[in-house]
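So you can see what is in the structure, the chains are spelled out below.
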Amino acid sequence: MAYSATPDNPLTPAPVKKADIERFYQRLREANPAPTTELNYATPFQLLIAVILSAQATDVGVNKATDRLFPVAPTPATMLALGIEGLTEYIKTIGLYRTKAKNVIATCAILLEQHGGEVPEDRAALEALPGVGRKTANVVLNTAFGHPTIAVDTHIFRLGNRTGIAPGKTVLDVENKLLKVTPKEFMKDAHHWLILHGRYVCKARKPECARCVVVDLCSFKGKTL
């Protein structure tokens, strides 16, 4: 992870108060009332595939590949028909493309055989798909189906620790704390607000605190003002 808070780390912030967490989300909502993923997709299936492909890759890079792929193979059946080699031609610009091609084709086969070609709206069923872990399942459940889940990636892990809103030593720690402290009214969009804030403002190497809308609510001791 890019940032890890520990009790011995002098930059470890104090936990943010409940009232300030609510204000934290209010400001993120005011700045971006309708946040969403930056991955291009038209269906839950396409979102699932895009998220699988996004592991250790940028959304921009994934979109370049899927903008070519999805018009040709928009469904599990049409993507399965490409086969591993055919799919590889569309995604070879993405990191780990060989492994991802195998996982995507295997996932398409399972969707057709076990789920009638539909993406299951169930965590256990999603995590049983090749290439799908907890984070990917959370993204699909939240973005495609509106479940109040928070997928913790490197950006959200860093943000939870750095700001003090949800400090934790593991991804699951941060996820569980975010689920506990995030007010219900913000749960549906919390994932997107946090990831976008971490990606574009609270950056790994040098957070841009001078233009941060929640800078006064953040407990980070190394603010760059």
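Given the structure is predicted, the values throughout are model-derived calculations rather than measurements.

*Asks:* I tried to follow the overall build of the protein on my own but got confused; where do I start?
*Replies:* Scanning the protein from N- to C-terminus turns up ten helices and zero strands. Reported as C-alpha extents along the three principal axes, the dimensions of the protein are approximately 55 × 30 × 30 Å. Within the protein, buried positions represent 47% of all 225 residues. The contacts of the protein with a sequence gap of at least 6 include a subset with a gap of at least 24, amounting to 61%. In the form shown here, the protein has an accessible surface area of approximately 10900 Å², with 55% of it arising from carbon and sulfur atoms.

*Asks:* Is there a simple way to think about the state of the cysteines in this case?
*Replies:* Should the sulfur atoms of two cysteines be covalently bonded, the bond is a disulfide. Applying the stated rule across the entire model yields zero disulfides. Here Cys209 stays free of any disulfide, with the sulfur of Cys212 as its closest cysteine sulfur at 6.4 Å.

*Asks:* Got a minute to help me understand the packing of aromatic side chains in this structure?
*Replies:* Each pair of aromatic rings is reported with the distance of its centres and the angle of its planes. All told, the structure shown has three aromatic pairs when counted by the stated rule. Ring centres 5.5 Å apart and planes at 15 degrees place the aromatic pair Tyr25 and Phe186 in the stacked group. Of this pair, Tyr25 sits in helix H1 (residues 18–31) while Phe186 sits in the loop between helix H9 (171–181) and helix H10 (187–200), placing them 161 residues apart in sequence. Assigned by exposure class, Tyr25 and Phe186 land together as buried. Relative to Trp193, the ring of Phe186 lies with its centre 6.2 Å away and its plane at 65 degrees, an arrangement referred to as edge-to-face. One aromatic cluster is present, formed by Phe24, Tyr25, Phe186 and Trp193 through successive ring pairs.

*Asks:* Explain the pattern of salt bridges to me, please; I cannot follow it from the model alone.
*Replies:* Opposite charge on two side chains permits them to pair, given that their charged atoms come into close proximity. Tallied over the entire structure, the rule returns ten salt bridges. Linking Arg211 and Glu208 is a salt bridge whose minimum nitrogen-to-oxygen distance equals 2.4 Å.

*Asks:* Which parts of the structure should I look at to understand the nonpolar core?
*Replies:* Soluble, globular proteins show a tendency: their nonpolar side chains are buried together. Ranked by size, the top nonpolar core spans 34 residues in total, and within it Leu48, Ile49, Leu69, Met79, Ile91, Val104 and Leu126 carry the most contacts. Mapped by element, the contributors of at least two residues to this core are helix H2 (44–53), helix H3 (59–72), helix H4 (76–91), helix H5 (97–114) and helix H7 (134–143). What Ile91 contacts, discounting residues up to four positions off in sequence, is Leu53, Ala65, Leu69, Tyr97, Lys100 and Ala101. Ranked by size, the runner-up nonpolar core spans 28 residues in total, among them Tyr25, Phe157, Val201 and Cys209.

*Asks:* Is there a simple way to explain H10 in this structure?
*Replies:* With 14 residues, H10 extends 21 Å from end C-alpha to end C-alpha; this agrees with the ideal 20 Å at 1.5 Å per step. For H10, the buried fraction is high: eleven of the 14 residues fall into the buried class. For H10, the set of buried residues is Met187, Asp189, Ala190, His191, His192, Trp193, Leu194, Ile195, Leu196, His197 and Gly198. On its buried side, H10 packs onto H1, H7, helix H8 (154–163) and H9.

The rules we used
Residues numbered from 1 in each chain as written. Predicted model: local features only at pLDDT ≥ 70, side-chain atom pairs only at ≥ 80, totals over all residues. Heavy atoms only, no water. Helix = DSSP H or I, 4+ residues; strand = E, 2+ residues; numbered from the N terminus. Buried < 20%, exposed > 50% of the residue type's maximum accessible area, 1.4 Å probe, protein only. Contact = heavy atoms within 4.5 Å. Areas by Shrake-Rupley, 256 points an atom, 1.4 Å probe, with all protein chains shown as cover. Disulfide = S-S within 2.5 Å. Phe/Tyr/Trp six-rings, centres within 6.5 Å; stacked < 30°, edge-to-face > 60°. Salt bridge = Lys/Arg side-chain N within 4 Å of Asp/Glu carboxyl O. Core = buried A, V, L, I, M, F, W, Y, C linked by side-chain atoms within 4.5 Å. Expected span 1.5 Å × (residues − 1).

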